[in-house]
Amino acid sequence: MKKKKKAKGLSQASARPLRTAKKFTFPSIDLDQNKWFYIIAVLYCMIVMLWFFISPATWDEDCAVRYFNTLNAFNEPGNIVSIWNRPLWVLVFMVPVQLGKFMVPLVMSLFAVLSAYFIFQSALIKKIPYAILVVPFLLFQPFFFGVAKDAMTEPLAACIVAGGLYFLLKKRYLVFALLGSFLPLARTELVIFTAIWGLILLLEKQWKYIPLLGFGLVLWSVLGWMFRGDAMYVLNETIFKEAHENRYGNLEWWTYLRRYFYVLGPVVFYFFVLGFIRHWKKFDFFIYGQFIIGITLYTLFTTTINLGNSAGFLRNLVPLSPLAAIIALYGFNFWIKGLAKSNKTTLIVSTVLLAVVALFFRNELWKHHKVLDTTHLTILPIMSILVMLTFLLFVLVKRKNALNLAKVGFFTVLVFGSSFTLLEEHPYKNMNTQRDAVMITSTIMESIDLDDRSIASNHGFLYWVLGENKFSHKHAALTKEEVDQMLPGGIVVWDNHFGNRLGSDIPLSYLESDRNNYTELFRVMDDRAGFNMVVFEKLAQGQDGWATRNRYLKENYNIPEIHLSNATDYIKANDPAQALKVIETVVNIGERLTTSHAYFMKGQIMLKYKNWVEAERALDLAIGKREKFDMASVYKAHVKIYTGKPKQAINILDDVLEGNPNLGMAHYYKALALDGLGRKQDACMSIKMAKQLKYAVSQDMVNKLCLVK
């Protein structure tokens, strides 16, 4: 019997054909792995920077606010210790961001690459075959890639976790303990991980380093004392402050588990599950144990524990991404070995995984948070290709082209894993209707030269797109005290998301009613998300607001948002005929977010004239230019009620309430429609709901519909 020849690596395969034998061992792919690490790392940083310069939006509004708070940290040292900013992020970035906001993705990408380096070196130390795959398994997880280029704190925590594994394996316990002490400064809830790290030090008989795990918290407390004058700052801002009822509400226990697939993406998920199966044979406490404890911890925060006010955001799981990446690497090797041994378990598990994805994970994820009913176009095809590849390799593995098939398997995983994420987290992924409206607002402000004025706004993303420092001395906070002290010509930008909360105390009515001091220049309304942004100018004594707005209009006639503010004022002045003329001008200018609202306003005017046909026609045009326009739909139901079609009104209102159950006006008109059908009991329930939701309902109306005979 001939002796089996050892399979050659990737570099030698092209020079010499693979010889087959009766007992075949799946060939290793001999890569210069360190060289490939640097190639992937450089490409990753280049992609991140390219995405930053192309992307119009950050992951969320918090990124912009954290950037500005960090930029201002030298002037306001209290920002360093803020639990919301996260001390570690501010300490790391307070110097780099002085050079510009481009430093955020640059430094964040370096931390991401450092995380990949730690986890890659750990895989080499543990002698896991194909160690280089752990790098794309980490860097190209969709959520890791998404947040690792913005001002988010989770990637710093992930870097600490990855570094912890590396220094533990290197037996550098001093660095391990000091590094772990900074986990709570990156993500406060991960203070529980320091207990796990302490247990690991105890098991390693390195108990003398355990006290160092408290170094980060001590540093935070000292800085809190220095900058906030509170020796108990950390406790007062965490345990003693946030133990009240969760403002977001408690969620189901499967909140994270049923959506974790989307954090990893289909390729990493496929191998992650295979790797998790492996733990029954060899359980690594730092990797598997810490991952299980982490998932359990986050689940408790969303279901039971009010501390921290968890909203169940999937990005919270990013600190576990390095652990998931190395578990996926175990899974890849489980897959390769299963094919080499013709193990049918690999085929069975692959088929089961495809079925699981088809049943539970085939749908789109909206705003990185909510699973929609619509099917994702690429998730199932990618999983199907992985399963078909598994079957193909299983069937052909004993043929003499097996090494080439090994290459196909290796590079298919590499390409599919990275390309899925780049397509999924494309540069425009973080745009939404609210950010569209903010971008239009900023464009108009720049067009009419308002961006160089003193600005008072509470929307951090507005300053981000304007390229202005929110805390510049020329700008003001959106508070009654500061806007009243602004000089004439100052610009006040109010929005209904941040305009009257988070440090602001100004309702829209405060600015609208004071016509001697403020005039509305324009407003941008996106009724798909119920978002409004209204721009006012501070007036000098005796300055005429209408004349001020019309001066801008004369120089910028093709900006429909300014016209629409004129139409609003004509309606308030009880001059609907003139308002209709202005609305026609808006419509003629062309398509904008404002066009839909112009038709909506026309529909409202026609309702006042009781011109039901024209009212319905205008409202249909408004609805047709929006993905969803709830208020226009409610007014259309109003038309149906007053034209004797209550059943059609109820159908319209039920569609509205399905997506927006807290719209009091919809409940009010549904009560009227139900009353028109003689369904008094149902009408009573609807009118009570409208009143509960603080819609203006008279007690006489409640008495009429809820009269008990």
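Residue positions within a chain follow its written sequence, with the count starting from 1. For a predicted model such as this one, the threshold for reporting local features is a pLDDT of at least 70, and the threshold for listing and counting side-chain atom pairs is 80 or more; totals across whole chains, interfaces and linings nevertheless cover every residue. Side-chain metrics rest on all non-hydrogen atoms present in the structure, leaving aside hydrogens and water.

## So, the overall build of the chain
Part 1 of the reasoning: Labels follow the DSSP assignment, with helices taken as runs of H or I lasting at least four residues and strands as runs of E lasting at least two, numbered in each case from the N terminus. Counting secondary structure elements, the chain contains 35 helices and six strands.
Part 2 of the reasoning: The buried share of the chain, reckoned over its 709 residues, is 56%.
Part 3 of the reasoning: Contacts were defined at the residue level, with two residues in contact if any of their heavy atoms lie within 4.5 Å. When contacts within the chain are restricted to residue pairs at least 6 apart in sequence, long-range pairs at least 24 apart make up 68% of them.
Part 4 of the reasoning: Residue-level accessible areas treat just the shown protein chains as cover; the underlying method is Shrake-Rupley with a 1.4 Å probe. Counting every atom, the chain has about 32400 Å² of accessible surface; 58% of that belongs to carbon and sulfur. Each residue's exposure class comes from its accessible area (1.4 Å probe, protein chains only) as a fraction of the maximum for that residue type: buried when under 20%, exposed when over 50%, partly exposed otherwise.

## Notes on the pairing of strand 1 (residues 363-366)
Residues in a regular strand project their side chains so that they alternate between the two faces of the sheet.
Part 1 of the reasoning: Only when DSSP finds a minimum of two bridges between them are two strands counted as paired. Of the strand pairs in this sheet, strand 1 and strand 2 (residues 370-375) are connected by three bridges, and their pairing is antiparallel. The residue bridging Asn 363 from the neighbouring strand is Thr 375, located in strand 2.
Part 2 of the reasoning: Where strand 1 folds back on strand 2, the antiparallel hairpin that results is connected by three residues, among which Lys 367 adopts a positive phi of roughly 55°.

## Some remarks on the packing of helix 31 (residues 630-642) against helix 32 (residues 646-659)
Part 1 of the reasoning: Structural elements are reduced to axes, namely lines fitted to C-alpha atoms, with helices fitted over the stretch in contact, and the angle between N-to-C directions of any two is expressed from 0 to 180 degrees. Closest axis-to-axis distance for the helix 31/helix 32 pair is 8 Å, and the angle between their directions is 165°. With respect to helix 32, the element helix 31 is oriented roughly antiparallel. Once helix 31 is placed against helix 32, the crossing between them reads as left-handed. Contacts between helix 31 and helix 32 pair Asp 630, Ser 633, Val 634, Lys 636, Ala 637, Lys 640 and Ile 641 from the former with Pro 646, Gln 648, Ala 649, Ile 652, Leu 653 and Val 656 from the latter. In these notes the angle categories are as follows: under 35 degrees is roughly parallel, over 145 is roughly antiparallel, 65 to 115 is roughly perpendicular, and the rest is oblique. Each crossing is labelled by how the near helix is turned from the far one, with a counterclockwise turn of less than a right angle marking it left-handed and a clockwise turn marking it right-handed.

## Comments concerning the pattern of salt bridges
Part 1 of the reasoning: In what follows, salt bridge is the name for a side-chain nitrogen of Lys or Arg lying within 4 Å of a carboxyl oxygen of Asp or Glu. What the rule picks out here adds up to 21 salt bridges.
Part 2 of the reasoning: The closest approach of N and O atoms between Arg 315 and Glu 154, which form a salt bridge, is 2.7 Å. With Arg 315 in the loop between helix 17 (285-303) and helix 18 (321-340) and Glu 154 in helix 9 (residues 154-169), this pair connects stretches of sequence that are 161 residues apart. Judged on exposure class, the residue Arg 315 and its partner Glu 154 are both buried.
Part 3 of the reasoning: With a shortest N-O distance of 3.0 Å, Arg 679 and Asp 682 are connected by a salt bridge.
Part 4 of the reasoning: Here Arg 679 falls in the partly exposed class, since its relative accessible area comes to 40%.
Part 5 of the reasoning: On the accessibility criterion, Asp 682 (30% relative accessible area) is partly exposed.
Part 6 of the reasoning: Overlapping salt bridges, with partners in common, bring together Asp 60, Glu 154, Arg 187, Glu 189 and Arg 315 in one network.

## Re the environment of Gly 490
Part 1 of the reasoning: Relative to the assigned elements, Gly 490 resides in the loop between helix 24 (480-485) and strand 4 (491-495).
Part 2 of the reasoning: Separated by 46 residues in sequence, Gly 490 and Phe 536 place their C-alpha atoms 8.4 Å apart.

## Details of helix 16 (residues 266-278)
Part 1 of the reasoning: Here helix 16 spans 19 Å end to end across 13 residues, near enough to the 18 Å set by a 1.5 Å rise per residue.
Part 2 of the reasoning: What helix 16 keeps buried is the set Pro 266, Val 267, Val 268, Phe 269, Tyr 270, Phe 271, Phe 272, Leu 274 and Gly 275. Any helix carries an expected span of 1.5 Å times its number of residues minus one.

## Here we look at a nonpolar patch on the surface
Part 1 of the reasoning: To count toward a patch, a residue needs a relative accessible area over 30% and no salt bridge; like charges are then connected within 9 Å, while nonpolar side chains (Val, Leu, Ile, Met, Phe, Trp, Tyr) are connected within 5 Å. On the surface, Leu 199, Leu 202, Leu 203, Trp 207, Phe 283, Phe 285, Ile 292 and Ile 293 cluster together to form a nonpolar patch covering roughly 780 Å² of accessible area.
Part 2 of the reasoning: For the nonpolar patch, the elements supplying multiple residues, two or more each, are helix 12 (191-203) and helix 17.

## Re the packing of aromatic side chains
Part 1 of the reasoning: Stacked, tilted and edge-to-face are the three classes assigned to paired rings of Phe, Tyr and Trp, where Trp is represented by its six-membered ring and a pair needs centres within 6.5 Å; plane angles under 30 degrees give stacked, over 60 edge-to-face, the rest tilted. Taken as a whole and assessed by the stated rule, the structure comprises 48 aromatic pairs.
Part 2 of the reasoning: Here Phe 272 and Phe 276 contribute two aromatic rings whose centre-to-centre distance is 5.6 Å and whose plane-to-plane angle is 50°, an arrangement assigned as tilted. Highlighted residues: Phe 272 and Phe 276, both in helix 16, separated by four residues, approximately one helical turn.
Part 3 of the reasoning: Residue classification places Phe 272 among the buried positions, given a relative accessible area of 7%.
Part 4 of the reasoning: Here Phe 276 falls in the partly exposed class, since its relative accessible area comes to 22%.
Part 5 of the reasoning: Aromatic ring contacts, followed pair by pair, group Phe 37, Tyr 38, Tyr 117, Phe 118, Phe 120, Tyr 166 and Phe 167 into a single cluster.
Part 6 of the reasoning: Here, over-ring charges are defined by two tests on the NZ atom of lysine or the CZ atom of arginine: distance to the ring centre within 6 Å, and angle to the ring normal within 35 degrees. Sitting over the face of the ring of Trp 464, Lys 101 holds its NZ or CZ atom 4.5 Å from the ring centroid.
Part 7 of the reasoning: For Arg 551, the ring lying beneath its charged end belongs to Tyr 552, and the centroid distance is 5.0 Å.

## Some points on the environment of Tyr 599
Part 1 of the reasoning: Relative to the assigned elements, Tyr 599 resides in helix 29 (residues 593-608).
Part 2 of the reasoning: A residue is classified by how much of its surface remains accessible, and Tyr 599, at 14% relative accessible area, is buried.
Part 3 of the reasoning: Residues Tyr 599 and Val 586, 13 residues apart in the sequence, show an inter-C-alpha distance of 9.3 Å.

## Focus: helix 17
Part 1 of the reasoning: Taking 1.5 Å per residue, 19 residues should reach 27 Å; helix 17 reaches 25 Å between its end C-alpha atoms and fits that length.
Part 2 of the reasoning: Of the residues flanking the start of helix 17, the one acting as N-cap is Asp 284, its side-chain oxygen 3.0 Å from the backbone nitrogen of Phe 286. Polar contact is defined as a pair of N or O atoms within 3.5 Å, subject to the rule that within protein one atom must be able to donate a hydrogen and the other to accept it, and that residues adjacent in sequence are counted only when both atoms are side-chain atoms.

## Points about the state of the cysteines
Put plainly, a disulfide is one covalent bond tying together the sulfur atoms of two cysteines.
Part 1 of the reasoning: Here, a disulfide means two cysteine sulfur atoms that sit within 2.5 Å of each other. Within the structure shown, the criterion is met by one disulfide.
Part 2 of the reasoning: Covalent S-S linkage joins Cys 684 and Cys 706, the inter-sulfur distance amounting to 2.1 Å. Its S-S torsion of about 110° marks the bond between Cys 684 and Cys 706 as right-handed, since a negative value means left-handed. Placement of the pair is Cys 684 in helix 34 (residues 680-692) and Cys 706 in the segment after helix 35 (699-705), with a sequence separation of 22 residues.

## Re the sheet that holds strand 3 (residues 455-457)
Through backbone hydrogen bonds, the strands of a sheet pair up, either in parallel or in antiparallel fashion.
Part 1 of the reasoning: Spatial ordering of the open sheet is given by 3-4-6-5, a layout of four strands whose pairing is mixed. At either end of the open sheet lies a strand with only one pairing partner, and these are strand 3 and strand 5 (518-526). If you compare each strand with its neighbour and ignore which way they point, the axes differ by 15° on average.
Part 2 of the reasoning: In this structure, strand 5 lies alongside strand 6 (residues 531-538), joined through eight bridges in antiparallel fashion. Each residue of the ladder has a partner; that of Arg 523, found in strand 6, is Val 534.

## Quick look at the packing of helix 16 against helix 19 (residues 344-360)
Part 1 of the reasoning: Contact geometry for helix 16 and helix 19: axes closest at 11 Å, N-to-C directions at 125°. Relative to helix 19, the element helix 16 lies oblique. The handedness of the crossing between helix 16 and helix 19 comes out as right-handed. Every residue of helix 19 that contacts helix 16 at Phe 269, Tyr 270, Val 273, Leu 274 and Ile 277 is listed here: Val 349, Ser 350, Leu 353 and Val 357.
Part 2 of the reasoning: Each residue belonging to the contact of helix 16 with helix 19 can be placed in one class, and the counts come to eight nonpolar, one polar and no charged. Amino acids outside the nonpolar list (Ala, Val, Leu, Ile, Met, Phe, Trp, Tyr, Cys, Pro) and the charged list (Asp, Glu, Lys, Arg) are all regarded as polar, and Gly is one of them.

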